[in-house]
Amino acid sequence: MSVKIATDTLTLMLYGGVVAAGILALFIWVRNRTRKITAIRLFVQAAALFAIFATVLTLAKWNSLIYGALILVVPIFFGRFFCGWLCPFGFYQDLASLVRKKLRIRYWNLPERANRILHKFRYILAASMLATPVFFGILDWNVWVNFFQFQGGFKPLIIYFLGPLEPFLIPYPGGIGFSDYSLSYPYIRGFTQFFTVSIFTTIAVIAFIVLTLAGSFMVRRFWCRFCPTGVSITLANRFAGFKWAPLLHINKTEEKCTKCGICKRVCPVQVTEVYEQKGGDITTSMCFNCMRCVEMCPYEGCLKVNFANKTLVKSRNWLEPSKLNDEE
Amino acid sequence: MKPQTVEKKYMPEMPPKEVEELNTTIKEASLKIIADNIARMKKTSPNRPEAMQYYDEISNFFGKRAEEIQEEKKKGKKVIGYFCMFAPIELILAADAIPVRVSSGWYDTSKLGDRIVPVEICPVIRSTIGAKMIGLSPFMEMSDALISTLTCDGMTKLSEIMSDTMQVMTMSPPRVKDSKQSLHLWNEEIKAIKTQIEQLTGNKITPKKLRAAIETMQKATKAFRRLQDLRKGSPVIMGRDAMLVNQTSTWDNIQRWTEKTEALCDELEKRKAQKQWACPPETPRVVVTGTPMFWPDNWKMPTLIEEATPQGVLVADEMCSSDRLLYDPVGIDEWTMDDMINAIAERYLMASTCPCFTSKDGNEDRINWLITKIKEYKADGVIYYVVRGCMLYAMEYSRVKKVLDKLNIPVYYLDTEYTREDVGQMKTRVEAFLEMLTARVEY
């Protein structure tokens, strides 16, 4: 048993090391290729999708640990890097956006106010995710039975269609983690699964997927605007004790900025701080470090991505009309 | 059919004979001045880049380029003139029209402008009016319409005066750049001007054409920035030459201009590698900011700086007649019509550092641009150039001075007129300033 755990741990560390090295290598390679950020990001996202499939299949035992780390610990240090570069659901949404782009349909921008309200909405979402199991448990003792046995007609479906992505589609495993499983359910399932109404659950989940994917077809990264995953970075940002923690920043040099407004326009989740704030750290809890602004900023060194005070990527004086814009 | 006579609001009736006389004399004088300016530029830098020859040729208003445009016009192309650099060149190009900037730099015509507007008015305006009165500028005469952006007070009324003689399309930029309603207004203005350009030329601006135009301009910007980057180190090109290159882009065929400028940059790069400097590297480096200077006559300031003893060299400027022209690219997120129009609107409004803007923190962008330029180009001093009557630039001076004082960069306020009378006096002032800079460089 202990040998098994040791082997697993070792494999895990190996995986982690390879992934970290890969990302680092990419960044070094990318250094003077700011203009390719979007392509590289899509590549990383695709790779992450397969990596996650592979990890989950081979290391099923550690699922909840990996997810926990990805979802709860990584944001503390990397901000919402996970959302922008690794999250498969984000990747799905980006793909939907790409299809729209190919069709030459223009995206819709949400009104700034609506965007802000949606952004706040995720706190409510996160809180309710955490609270539902408890709430239903009080209503009906059987819920706790389901809860601990992880039953429900929905489970096979989700494995069938989404496989290991279930926890990613629904990134916040509310409630309590237990041995190999995260014990509560996806957003919709959270409300329904406890009563094991399989048809209703199925419909609800499909509706959810269609809604978010259709939403992200017209509104870039629709779900990400109120996805509860980002809550943990806010924790890191809000509380003084965590101020040291976020290592990944996007910084702006005030003097080089002519307020041309490109950064604001290209941001997929309509972050306005990148434009409005004069200088310094412009990473917000909405920003998921997709670095599109850095890619598109036409002023040399105006926007920089800093990791632990080291500049990874900075905006370039791009002027070759990018082929990327065409091919994407 | 009787020609419709529209009552002129401003323009006086001038006897055709007088017009013709004035036109010939001023044109002759102008040709001389162009030749003289070029000769002096050659004299100042004995090993002037060979590629500059092209710009010398194209800088002649009455020469090759005017004929070319005439030819194109015969083939049915329309010409659209503009005053301020807010006119969306991309849209003009996309409609298969030829954009030319028609702001005037002729000293002599400013005297003619005095007949319509008082002398206190900015000479750029007066000179442009004067040029129109006698039909001096071939580009303006060939223009089928003018795009006038109502930036400063002078430009606002200029469009009105010009509308006496030709079609003028006006665009009204908001005075506050960074509020939501401003961008909205400006977006609408761009859309409106697009429709007007389409109506004038009869060509529809399709996404494909617009994209091609944007990419053409991006390439031009690339060449333009390359040239400005080359000016950062020890001087490989005199400031006046670079200014001429920059300014020819406003009336030249932009594709050819891009090619020629890339060639010029290649040559300059070679020179840089061989350490062939245009002037001694320790020459005081000057940045000029303020009122735009237009070729050919208003070449007084740069000539004075670069021919003075001790000599100075213009390494950069913050003027809408030179370094700001093509500096900002149109950044496109997705190549849809809406996004392109949006991007064009933002490029012309938001990136502009024209003093006609203000905001919560004042025209902070201009200050930032200036500081960046000073740092990047390692400038030793700044000359703040203002023509009398240019209020917006004059009023921003004390703010600029305060900021530059903090950086310990000497700044010198020079005000002048569209006249040659004060050259002697200005020379003394410029030389004193350069003397001081030299002392600062040496000690």
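The written sequence of each chain sets the order in which its residues are numbered from 1. Labels follow written order: the first chain is A, the first ligand is 1, and so on. Where totals are concerned, whole chains, interfaces and linings use all residues; where local detail is concerned, this predicted model gives features only for residues with pLDDT of at least 70, and gives and counts side-chain atom pairs only at 80 or more. Excluded from the side-chain calculations are hydrogens and water; all other atoms, namely the structure's heavy atoms, are used.

Trainee: Talk me through the overall build of chain B; I want residue IDs and the actual numbers.
Mentor: Tallying secondary structure elements over chain B gives 17 helices and 8 strands in all. Each radius of gyration reported is based on C-alpha atoms, and the globular scaling rule is 2.2 Å times the count of residues to the power 0.38. Against the compact-globule benchmark of 22 Å for 443 residues, chain B has a radius of gyration of 21 Å, which places it among compact chains. Overall, the C-alpha framework of chain B stretches about 75 × 55 × 45 Å when taken along its three principal axes. Burial status across chain B gives 63% buried among its 443 residues. A sequence separation of at least 24 residues applies to 76% of the contacts in chain B between residues at least 6 apart. When charges are counted, Lys and Arg contribute as positive and Asp and Glu as negative, whereas His and the chain ends are disregarded. Lysine's charge is taken at NZ, arginine's at CZ, aspartate's at CG and glutamate's at CD. If the 63 positive side-chain charges of chain B are averaged to one point and the 64 negative ones to another, these points end up 1 Å apart. Only DSSP runs of H or I with at least four residues qualify as helices, and only runs of E with at least two residues qualify as strands; both kinds are numbered from the N terminus onward. Whether a residue is buried, partly exposed or exposed follows from its accessible area with a 1.4 Å probe, protein chains only, as a fraction of its type maximum: under 20%, in between, or over 50%, in that order. We call two residues in contact when some of their heavy atoms are within 4.5 Å.

Trainee: Would you mind going over the packing of helix α10 (residues 207–230) of chain B against helix α12 (residues 254–273) of chain B in detail, with residue names and values included?
Mentor: Residues and elements named next belong to chain B. Axis angles are defined between N-to-C directions and span 0 to 180 degrees, where every axis is a line fitted to C-alpha atoms and, for a helix, only to the segment in contact. Where α10 meets α12, the closest approach of the two axes is 9 Å, and the angle between their N-to-C directions is 25°. Relative to α12, α10 is oriented roughly parallel. Remark: the crossing between α10 and α12 carries left-handed chirality. Residues T216, M217, K219, A220, K222, A223, F224, R226, L227 and L230 of α10 form the contact with α12, whose participating residues are I254, Q255, W257, T258, T261, E262, L264, C265, D266, L268, E269 and K272. Roughly parallel means an angle under 35 degrees; roughly antiparallel, over 145; roughly perpendicular, 65 to 115; everything else is oblique. Each helix crossing is assigned a hand: it is left-handed if the near helix lies turned anticlockwise from the far helix by less than a right angle, otherwise right-handed if that turn is clockwise.

Trainee: How would you summarise the sheet that holds strand β2 (residues 97–101) of chain B if you had to cite specific residues and measurements?
Mentor: Pairing between sheet strands relies on hydrogen bonds along the backbone, with the strands arranged either parallel or antiparallel. Residue and element names in this part refer to chain B. Read from one edge to the other, the open sheet built from 4 strands follows the order β2-β1-β3-β4, with strand pairing classed as parallel. Looking at strand neighbours, the two that pair on one side only are β2 and β4 (167–171), the edges of this open sheet. Direction aside, neighbouring strands of the sheet carry axes that sit 25° apart on average. With 5 bridges joining them, strand β3 (residues 145–149) and β4 adopt parallel strand pairing. Counted as the bridge partner of A145 is Q167 from β4. Contacting β3 and β4, helix α8 (residues 153–162) runs over the sheet at an angle of about 160° to β3. Along the sheet face, helix α9 (residues 180–201) touches β1 (78–82), β2, β3 and β4 and points at about 160° away from the line of β4. Think of it this way: DSSP has to see at least two bridges between two strands before they count as a pair.

Trainee: How would you sum up the interface of chain B and chain A? Please name residues and give values.
Mentor: Contacts between the two partners involve 35 residues from chain B, matched on the other side by 32 residues from chain A. Between chain B and chain A, roughly 3,100 Å² of surface is buried when both sides are summed, and carbon and sulfur atoms account for 46% of that area. Accessible surface is computed with a 1.4 Å probe, and the buried area is the amount of it that two parts give up when combined, taken over both parts together. If you sort the residues of chain B by the area they bury against chain A, R225(B), D333(B) and E334(B) come out on top, with a joint share of 20%. Between Lys or Arg on one side and Asp or Glu on the other, a salt bridge is scored when a side-chain nitrogen of the former is within 4 Å of a carboxyl oxygen of the latter. Here chain B and chain A share 9 salt bridges between them. The closest approach of N and O atoms between D339(B) and R265(A), which form a salt bridge, is 3.8 Å. Throughout this description, a polar contact denotes any pair of N or O atoms lying within 3.5 Å of each other; where both atoms belong to protein, one of them has to be capable of donating a hydrogen while the other can accept it, and for residues adjacent in sequence the pair is counted only when both atoms sit in side chains. Our enumeration of links across chain B and chain A arrives at 12 residue pairs in polar contact (both at pLDDT 80 or more). Counting only elements with at least two residues in the side of chain B that touches chain A, the list comes to α10, α14 (337–349) and α15 (364–376) of chain B. For this scheme, ten residues count as nonpolar: Ala, Val, Leu, Ile, Met, Phe, Trp, Tyr, Cys and Pro. Four count as charged, namely Asp, Glu, Lys and Arg, and the remainder, Gly too, count as polar. Partitioned by chemical class, the residues of the side of chain B that touches chain A number 10 nonpolar, 7 polar and 18 charged.

Trainee: I'd like to hear about the sheet that holds strand β7 (residues 381–387) of chain B, residue by residue, with values.
Mentor: Residue and element names in this part refer to chain B. In space, the 4 strands of this open sheet follow the order β6-β5-β7-β8, with parallel pairing throughout. Strands at the two margins of the open sheet, each flanked by one partner only, are β6 (313–318) and β8 (411–416). Neighbour-to-neighbour, the strand axes of this sheet turn through a mean angle of 25°, independent of strand direction. Sheet topology places strand β5 (residues 285–290) next to β7; 5 bridges connect them, and they run parallel. Paired with V286 across the bridge in β7 is G381. Along the sheet, helix α17 (residues 423–442) makes contact with β5, β7 and β8, crossing β8 at roughly 170°.

Trainee: Quick one: what's the story with α12(B), residue by residue and with numbers?
Mentor: All names here are of chain B. By definition here, a helix of n residues has an expected span of 1.5 Å times n minus one. Look at α12: 28 Å from first C-alpha to last across 20 residues, which is about the 28 Å you get at 1.5 Å a residue. Packing partners of the buried residues in α12 comprise α2 (52–58), α3 (64–74), α4 (89–94), α10 and α11 (239–248). Among the residues of α12, the N-terminal cap falls to N253, whose side-chain oxygen and the backbone nitrogen of Q255 are separated by 3.1 Å. Positive backbone phi, approximately 55°, marks K275, located one or two places after α12.

Trainee: Report on the packing of aromatic side chains, specifying residues and quantitative values.
Mentor: Here a pair means two rings of Phe, Tyr or Trp (six-membered ring of Trp) with centres within 6.5 Å. Their orientation is stacked below 30 degrees between planes, edge-to-face above 60, and tilted elsewhere. The full count for this structure, using the stated rule, is 17 aromatic pairs over all chains. In this structure an aromatic cluster arises from ring pairing among F61(B), F62(B), W106(B), F139(B) and W251(B). Should the NZ of a Lys or the CZ of an Arg lie within 6 Å of a ring centre and within 35 degrees of the ring normal, that charge is described as sitting over the ring. The ring centre of Y107(A) lies 5.0 Å from the NZ or CZ of R106(A), which sits over that ring. Over the ring of W335(B) we find R211(B); its NZ or CZ atom is 4.1 Å from the centre of that ring.

Trainee: Requested: an account of the pattern of salt bridges, with residues and values cited.
Mentor: Residue and element names in this part refer to chain B. Enumeration over the complete set of coordinates arrives at 54 salt bridges over all chains. Among the ionic pairs, E18 bridges to R115, the shortest N-O distance being 3.1 Å. You can see E18 sitting in helix α1 (residues 16–44) and its partner R115 sitting in the loop between α5 (107–113) and α6 (123–133), a full 97 residues away along the chain. Under the relative-accessibility criterion, R115 is labelled partly exposed at 46%. For D252, the salt bridge is made with R256, and the minimal N-O distance between the two is 2.8 Å. Pair check on accessibility: D252 and R256 agree, each one buried. One network of salt bridges, in which partners are shared, links D36, R40, R240, E306 and E307.

Trainee: Got a sec to walk through the environment of K375(B)? Specific residues and values, please.
Mentor: Residues and elements named next belong to chain B. Mapped onto the secondary structure, K375 falls in helix α15. With a relative accessible area of 46%, K375 lands in the partly exposed category. In this structure, the C-alpha to C-alpha distance between K375 and E307, residues 68 residues apart in sequence, is 24 Å.

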